[in-house]
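Examination of the molecular architecture
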Amino acid sequence: MRARRNDFVFCRARALRASVLRSVVACTAALVVGACHNGASPANELALPRVPRDAARFEIDLADDSTATFRPAESRWLRTGMYAYAVDPNNRDALVARLRLQTDDGIRMTALVTSQVKRVNTSHVLLIPRPNVPWYRAPRFWFGALTGGFVGASAAILRR
């Protein structure tokens, strides 16, 4: 009788060890697969930047070796230090250069060329993505909050 009980305990301990071993192997395999995920690599860093479709387009008025000058028009959200991309509209918006906005005199802005594929000229266009707006400054948030408050108050009044 005693031998059978020891065999049962031994088999149970063996099953527990096998279960733990399977769990460790599964976790290790998951970590290896996750670590081998193809993230950013040097080849991907050289790829074209992902410029949003709604990026503002500006015509270049004057271009020389290292700068491009353009008129920002009514775009009050432009600030010095922002990045811009010069593209060739005749070549399906192929990337020509990356620029950084430097000076603003109220009428014109000057952007410094930081890297280029080919020389920037006046036939190219500047694409400047809009900066992200915090949720509490977005008009859409306040419209939704006021509409939801109005609907909720109306439902509470009608329920009485």
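In this report, the structure presented in the accompanying data block is examined. (Residues numbered from 1 in each chain as written. Predicted model: local features only at pLDDT ≥ 70, side-chain atom pairs only at ≥ 80, totals over all residues. Heavy atoms only, no water.)

This part takes up the nonpolar core. The nonpolar side chains of soluble globular proteins are, as a tendency, buried together. In this structure, Phe70, Leu78, Leu99, Leu101, Val120, Leu126 and Ile128 are the most contacted members of the largest nonpolar core, which totals 20 residues. Among the elements of the structure, strand S1 (56-63), strand S2 (67-70), strand S3 (83-88), strand S4 (94-104), strand S5 (109-116) and strand S6 (125-128) are those that each provide at least two residues to this core. Tallying contributions element by element places S4 first for this core, with four residues. With near-sequence residues (within four places) excluded, leucine 99 lies in contact with Ala68, Met82, Tyr83, Ala84, Tyr85, Ala86, Ala111, Leu112, Val113, Thr114 and Leu126. (Core = buried A, V, L, I, M, F, W, Y, C linked by side-chain atoms within 4.5 Å. Buried < 20%, exposed > 50% of the residue type's maximum accessible area, 1.4 Å probe, protein only. Helix = DSSP H or I, 4+ residues; strand = E, 2+ residues; numbered from the N terminus. Contact = heavy atoms within 4.5 Å.)

For the structure shown, the criterion picks out four aromatic pairs. The interplanar angle of 90° and the centroid separation of 5.6 Å between the aromatic rings of tryptophan 135 and tyrosine 136 together place this pair among those described as edge-to-face. Both rings, one in phenylalanine 141 and one in tryptophan 142, keep their centres 4.9 Å apart while their planes meet at 75°; by these two values the pair is edge-to-face. Ring-pair connections join several aromatic residues into one group, and the members of that group are Trp135, Tyr136, Phe141 and Trp142. (Phe/Tyr/Trp six-rings, centres within 6.5 Å; stacked < 30°, edge-to-face > 60°.)

Despite not being glycine, alanine 73 shows a phi value in the positive range, around 60°. Within the secondary structure, alanine 73 sits in the loop between S2 and S3. We classify alanine 73 as exposed; its relative accessible area is 63%.

Attention now goes to the pattern of salt bridges. In the structure shown here, the tally under the stated rule is five salt bridges. Between arginine 108 and aspartate 61 there is a salt bridge, and its shortest N-O distance comes to 3.8 Å. Here arginine 108 is found in the loop between S4 and S5, whereas its partner aspartate 61 is found in strand S1, with 47 residues between them in sequence. Look at arginine 108 and you get partly exposed, because its relative accessible area is 37%. Ionic pairing is found between aspartate 88 and lysine 118, a salt bridge with its closest N-O pair at 3.7 Å. Note that aspartate 88 is positioned in strand S3 and lysine 118 in the loop between S5 and S6, a separation of 30 residues in sequence. One network of salt bridges, in which partners are shared, links Asp61, Arg71 and Arg108. (Salt bridge = Lys/Arg side-chain N within 4 Å of Asp/Glu carboxyl O.)

Pairing within the closed barrel is antiparallel, and its six strands lie in the order S1-S2-S5-S4-S3-S6. On average, each strand axis in the sheet is tilted by 45° relative to the strand beside it, whichever way the strands run. (Pairing = 2+ DSSP bridges. Axes fitted to C-alpha atoms, helices over the stretch in contact; angles between N-to-C directions.)

With that out of the way, let us pick up the environment of alanine 63. Within the fold, alanine 63 resides in strand S1. Distance in space between the C-alpha atoms of alanine 63 and histidine 124 is 9.6 Å, their sequence separation being 61 residues. Ignoring sequence-local partners within four residues, the contact set of alanine 63 consists of Ala68, Val120, Asn121 and Thr122.

The values are spatial; any link to function lies outside them.
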